[in-house]
Amino acid sequence: MNRGPVLLVAVVAVVAVMGGWVWWNLNPDAPLIDAADRERITVLPLPTDLALREGNLDLDDGLTVEFGGHTEPRLERAVERMRTRLPGAAGKEGGAALLTIDVGVAADESDPVWIDESYALDITPEGARLRAASPVGAIHGMQTFVQLVENDRDGVQVPAARIRDAPRFRWRGLMIDTCRHWIPKDVILRNLDAMEAAKLNVLHLHLTEDQAFRVESALHPLLHEVGSGGDYFTQDDLREIVAYAHDRGIRVVPEFDLPGHSLSWLEAYPELAIEPGPWTKANRYGIHSVALDPTRDEVYAFLDSFLGEMAGIFPDPYVHIGGDEAKADLWDANERVQAYQREHGLPDHRALQAHFNQRLHGILSGHGKRMMGWEEIRHEDLPRDAVVHAWLTPGSLAEAVKDGYETVLSQGYYLDHKNHASTHYAIDPLAVPEPVIIPTDGPWQSWEVTMETPAGEMELIMVVYGEGKDVKAVSALAIGGVLPLSDVRFEDGVLQAMADSPIGEMAVEATADGDEFVGGFSSLVMSAEFAGRRTGGHDVPGTAPPDLQKATDIAPEDRYRIFGGEAAMWAELVTAETIDSRIWPRTGAIAERLWSPAESTADVDDMYRRLDAFSERIDGLGVRHVAYREPMLEDIAGGPVPPALRTLVAVLEESKSYTRHRSFGETLTTETPLDRVADAAAPESATARRFSRDVDGLLVGDGSREKPIRALLALWRDQYAELMPLFASSPRVAAVEPLSRALSEASVVALASLDGDSATGAVVVELPDGLTLSSDGAVLGVGLSLRRLVEGT
């Protein structure tokens, strides 16, 4: 039977009856927001289509809400939350203003990735109407309604508007690591409130690690009794989190890291390991020589029973198995494992891990769950219905899509790198790196090398091409993913370069001697050596440059496989006290990247304007990304916080990437106090950003910027002298004394430069060294702007 016409008629009927919310999601010519309208609103993420109209809906006397169509208790609870977020009397029931909410049908949650989250919001001076295809869409629409509210001298009102909105990506997540440091239930709940405001829809909970096992298990109680260190979620806690999230249109995806990162499993049940142990969960970070035994049926039976138990707690059909950084040295050194590999035709440890994942895939399928894992799970033998979570290299997501996998992106969204919101905002899941084309009309050389990493051996392809100042180099994983190198020098067979890797900036150094190629990568937190042989070059007949970029584009018909993205909050350097400040408000920028049309996300300044308003909103919800700072500074100062300390901390930022690890040396463990000035500083200083904007304006002739610049420079000049007594009494403040001094000295120079004092030229030369200093895990966020101000560039 040809069902096409029947389905078409059904779709047309549904669209007609429900008000046409599918239209703007399918129409490629849907209009963007007018610039004047955009300047008036502070909604984040930006809607797909918004047009303001004449007049306002007055809320001074309260708001009456009526439902049409489908209703359910969580919609009623969403209305009550909306009321609490309206100012003053606007939130009370029974006012003259009327909001009608029409919901199409209950959401089909059999595969929640495909829930229709679209909504339409029409506001006039006479009333407002919110139409949505599902309860989740209605929850999003209520958030937009709240964010449109204006409270000024004219009272509380909502501008008349027509909004048609739907997310660009279906998976908009936040991963919270609860293992490296314990992140309790109340912190998770308040972050869910912020996620609702940002229209994020997936909370990915990282629940097991080398450092701790955070889930209560009735079937295997030693997991939490021994593996947790005393801090874990009870099953009732988890059910509460799941219900709280569901009320806000958010799914909860659990992660149980397997087969590596599993010391907490093995301390509780050492029989799961290859060797009897005893095993002890780690208090240090990194990759440990441990993994579950992939050869014994008893291990799979244990996992089957545990995952079955968890399936009853987490209703979402997706379960994340981790799968990253499974160190293989114990597998490789064990004769019984090697015999198992030979018996099953598994040539190496990657094939063995794929074999483990295949069996785990079957277990999850048996419990009605779908496997998801970090990109190391990708293998030719992995079933194509597994979801690949890309994090290693910019092109790895595209390569997974080309291999037929559905994908989620976290590469570029790692919050623990402490990058600025603008950096995350620039990362688009649909963006594919330009292909690396090795020209054949000039010199080139290639090598295949094996690199020894903390996670085991990794096969790499290295290529150097060009010459002189134009020499370039690139590194590529043999399994896919290209890592371009920068600052390349290749002279007399010695390669020197830098690589921007997932764990931060790494130095690359290698020596080519004949066909041999030996070297390594090194960073502040790890190093890895490699060795290999030459595979080709311009002077080797019959050879051609390797095809490094396996996926140079994502075909339009394959884009549905890109579910979306996740911000990732790893917890080595955060605690329950500080984690909110490392997630928010920067994750709001990621939320907008994943929700709003790409064409609407080019104006970074406007994003920051609305992000500032968003930050204030979630502060009102109880998120402690701002409120945590004053109590922490009181503890650091040993009493009331001097204004000068607030002035200094306002322009400090925590060190980027993983460079702060080095400041702890060998002392960084799960027990290391994270109560330094760097912890009180933000990953991105709002004061520094605004100062930079004022410097930009002044340098192009906007004289109005000079007054606020001078005011800040005077504060920065004076803070050092005012902090001198605290440097003597507080070791933690004394640790950032060099930054305070550099800021003061640079401000003196900057003020002199504004006054036209040419005698400061000798001091100007000193600026770069003092302003780029890192001290006790903190850096000055205004260093570059001060230098530009003084040098006039």
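Cut-offs applied
- Residues numbered from 1 in each chain as written.
- Predicted model: local features only at pLDDT ≥ 70, side-chain atom pairs only at ≥ 80, totals over all residues.
- Heavy atoms only, no water.
- Helix = DSSP H or I, 4+ residues; strand = E, 2+ residues; numbered from the N terminus.
- Rg over C-alpha atoms; globule rule 2.2 N^0.38 Å.
- Buried < 20%, exposed > 50% of the residue type's maximum accessible area, 1.4 Å probe, protein only.
- Contact = heavy atoms within 4.5 Å.
- Pairing = 2+ DSSP bridges.
- Arc of directions from axis to C-beta.
- Core = buried A, V, L, I, M, F, W, Y, C linked by side-chain atoms within 4.5 Å.
- Phe/Tyr/Trp six-rings, centres within 6.5 Å; stacked < 30°, edge-to-face > 60°.
- Lys NZ or Arg CZ within 6 Å of the ring centre and 35° of its normal.
- Patch = residues over 30% accessible without salt bridge, like charges linked within 9 Å, V, L, I, M, F, W, Y side chains within 5 Å.
- Areas by Shrake-Rupley, 256 points an atom, 1.4 Å probe, with all protein chains shown as cover.
- Salt bridge = Lys/Arg side-chain N within 4 Å of Asp/Glu carboxyl O.
- Lys, Arg positive; Asp, Glu negative; His and termini not counted.
- Charge placed at Lys NZ, Arg CZ, Asp CG, Glu CD.
- Polar contact = N/O pair within 3.5 Å; in protein donor to acceptor, adjacent residues only side chain to side chain.
- Axes fitted to C-alpha atoms, helices over the stretch in contact; angles between N-to-C directions.
- Left-handed = near helix turned anticlockwise from the far one by under 90°.
- Nonpolar A, V, L, I, M, F, W, Y, C, P; charged D, E, K, R; others polar.
- Expected span 1.5 Å × (residues − 1).
- Parallel < 35°, antiparallel > 145°, perpendicular 65-115°, else oblique.

**Focus on the overall build of the protein chain**
Within the protein chain, the secondary structure is distributed over 29 helices and 26 strands. Computed over the C-alpha atoms, the radius of gyration of the protein chain is 28 Å, within 12% of the 28 Å expected from 2.2 N^0.38 for a compact globule of 793 residues. Expressed along its principal axes, the backbone C-alpha trace of the protein chain runs to roughly 90 × 80 × 60 Å. Burial status across the protein chain gives 57% buried among its 793 residues. Of all intrachain contacts in the protein chain linking residues separated by at least 6 positions in sequence, the fraction that spans at least 24 positions is 71%.

**Overview of the sheet that holds strand 25 (residues 774–775)**
Spatial ordering of the open sheet is given by 24-26-25, a layout of three strands whose pairing is antiparallel. Every other strand in the sheet has two partners, leaving strand 24 (652–654) and strand 25 as the edge strands with one partner each. Note that strand 24 and strand 26 (residues 778–780) share three bridges and pair antiparallel. Bridged to L652 within strand 26 is L780.

**Some details on helix 19 (residues 629–637)**
Among the residues of helix 19, M632, L633, I636 and A637 are the ones counted as buried. The buried residues of helix 19 occupy an angular sector of 130° when the element is viewed end-on, so they sit on one face. The secondary structure elements touched by the buried residues of helix 19 are helix 20 (643–650), helix 22 (677–680), helix 24 (706–729) and helix 25 (731–734).

**What to know about the nonpolar core**
Buried together is how nonpolar side chains tend to be arranged in soluble globular proteins. Membership of the largest hydrophobic core comes to 101 residues, with the highest contact counts inside it found for L203, F256, W265 and W584. Ignoring anything within four residues of it in the chain, the contact list for W584 reads L174, N191, A194, M195, A198, L200, F614, I618, V623 and H625. By size, the runner-up hydrophobic cluster in this structure holds 43 residues, among which are L633, V641, A742 and A746.

**Quick word on unusual backbone geometry**
For the peptide bond that leads from G277 to P278, omega is 10°, which places it in the cis range. With respect to the helices and strands, the residue P278 is situated in the loop between helix 9 (263–268) and helix 10 (297–311). With an omega of 0°, the peptide bond running from W584 to P585 counts as cis. Here P585 is to be found in the loop between helix 16 (579–583) and helix 17 (586–595). Although it is not a glycine, E325 sits at a positive phi angle of roughly 50°. Relative to the helices and strands, E325 is located in the loop between strand 11 (318–320) and helix 11 (329–333). The backbone of D492 shows a phi angle near 55°, a positive value even though the residue is not glycine. Structurally, D492 is set in the loop between strand 18 (482–491) and strand 19 (494–501). You can call D492 exposed: its relative accessible area is 82%.

**A closer look at the packing of aromatic side chains**
Within this structure, the stated rule accounts for 22 aromatic pairs. When the centroid spacing of 6.2 Å and the interplanar angle of 10° are considered together, the rings of W391 and Y414 count as stacked. One end of the pair, W391, is in the loop between strand 13 (387–390) and helix 14 (396–402); the other, Y414, is in the loop between strand 14 (406–409) and helix 15 (421–425), with 23 residues separating them in the sequence. Residue W391 shares its accessibility class with Y414, and that shared class is buried. Site record: aromatic cluster; members linked through ring pairs are F213, F256, W265, F306 and F314. A cation sits over an aromatic face here: R248 above Y244, 3.5 Å from the ring centre. A cation over an aromatic ring shows up here: R593 above the ring of Y425, its NZ or CZ 5.4 Å from the ring centre.

**Structural notes on the side chain of R248**
Here R248 shows up in the loop between helix 8 (235–247) and strand 10 (251–255). The exposure class of R248 is buried, given its relative accessible area of 7%.

**A short note on the pairing of strand 4 (residues 119–124)**
Along strand 4, five of the six residues are buried, which leaves the element largely enclosed by surrounding structure. Two strands pair when backbone bridges link them, and strand 4 and strand 5 (residues 127–132) are joined in this way by six bridges, in the antiparallel orientation. Among the inter-strand pairings, Y119 is bridged to a residue of strand 5, identified as A132. The antiparallel pairing of strand 4 with strand 5 creates a hairpin that spans two residues between the two strands. Sheet topology note: the strand 4/strand 7 (residues 155–165) ladder contains five bridges and is antiparallel. Following the sheet pairing, Y119 is matched in strand 7 by D165.

**Re a negative patch on the surface**
A contiguous patch of negative charge on the surface is contributed by D332, D348, E448, E452, E457, E459 and E529. Elements that contribute at least two residues to the negative patch include exactly strand 15 (444–453) and strand 16 (456–465). With respect to the helices, strands and loops of the structure, E529 is situated in strand 22 (residues 527–537).

**Looking at the environment of S704**
Turning to its location among the elements, S704 is positioned in the loop between helix 23 (686–699) and helix 24. Its relative accessible area of 53% is what places S704 among the exposed residues. Separated by ten residues in the primary sequence, S704 and D694 have C-alpha atoms spaced 8.9 Å apart. Here D702 takes part through its side chain, which lies 2.6 Å from a polar atom of the side chain of S704.

**Quick look at the packing of helix 10 against helix 13 (residues 349–366)**
One way to put it is that helix 10 packs onto helix 13 with a least axis distance of 10 Å and a crossing angle of 35°. Every pair of crossing elements has a handedness; the one defined by helix 10 and helix 13 is right-handed. Within the contact between the two elements, helix 10 uses D297, Y300, L303, D304 and L307 and helix 13 uses H355, F356, R359, L360, I363 and L364. Along the lines of polarity and charge, the residues of the contact of helix 10 with helix 13 split into seven nonpolar, one polar and three charged.

**Details of helix 23**
For helix 23, which comprises 14 residues, the first-to-last C-alpha distance of 20 Å matches the rise-based estimate of 20 Å (1.5 Å per residue) to within 8%. Buried residues belonging to helix 23 abut helix 18 (604–620), helix 24, helix 26 (737–754) and helix 29 (783–791). The backbone nitrogen of T687 has a side-chain oxygen 3.4 Å away, supplied by the residue at the start of helix 23, namely S685. Backbone geometry just after helix 23 places G701 at a positive phi near 100°.

**Here we look at the side chain of K199**
Of note, K199 is situated in the loop between helix 6 (185–197) and strand 9 (202–206). Apart from residues lying up to four places away in sequence, K199 is in contact with P45, Y119, H140, Q143, T144, D165, R172 and W595.

**A closer look at the pairing of strand 12 (residues 370–374)**
The side chains of a regular strand alternate, residue by residue, between the two faces of the sheet. Most of strand 12 is tucked away, with five of its five residues classed as buried. Here three bridges tie strand 11 to strand 12, and the two strands are oriented parallel to one another. From the neighbouring strand, V319 faces strand 12, where its bridge partner is M371. Strand direction decides the pairing type here: strand 12 and strand 13, joined by three bridges, are parallel.

**Here we look at the packing of helix 19 against helix 20**
Contact geometry of helix 19 with helix 20 gives a least axis separation of 11 Å together with a crossing angle of 120°. By the criterion of interaxial angle, the relationship of helix 19 to helix 20 is oblique. Pair helix 19 / helix 20 crosses with right-handed handedness. Side by side, helix 19 and helix 20 meet where R629, E630, L633 and A637 of the first sit next to L645, R646 and V649 of the second.

**Some details on the pattern of salt bridges**
On inspection of all chains with the given rule, the structure shows 63 salt bridges. Here R248 and D193 are joined by a salt bridge, their closest N and O atoms 2.8 Å apart. Of the two residues, R248 is situated in the loop between helix 8 and strand 10 and D193 in helix 6; the sequence distance between them amounts to 55 residues. Side by side, R248 and D193 carry an identical accessibility label, which is buried. A salt bridge links R239 to D236; its shortest N-O distance comes to 3.8 Å. Pair noted here: R239 and D236 are both in helix 8, with a separation of three residues, about one helical turn.

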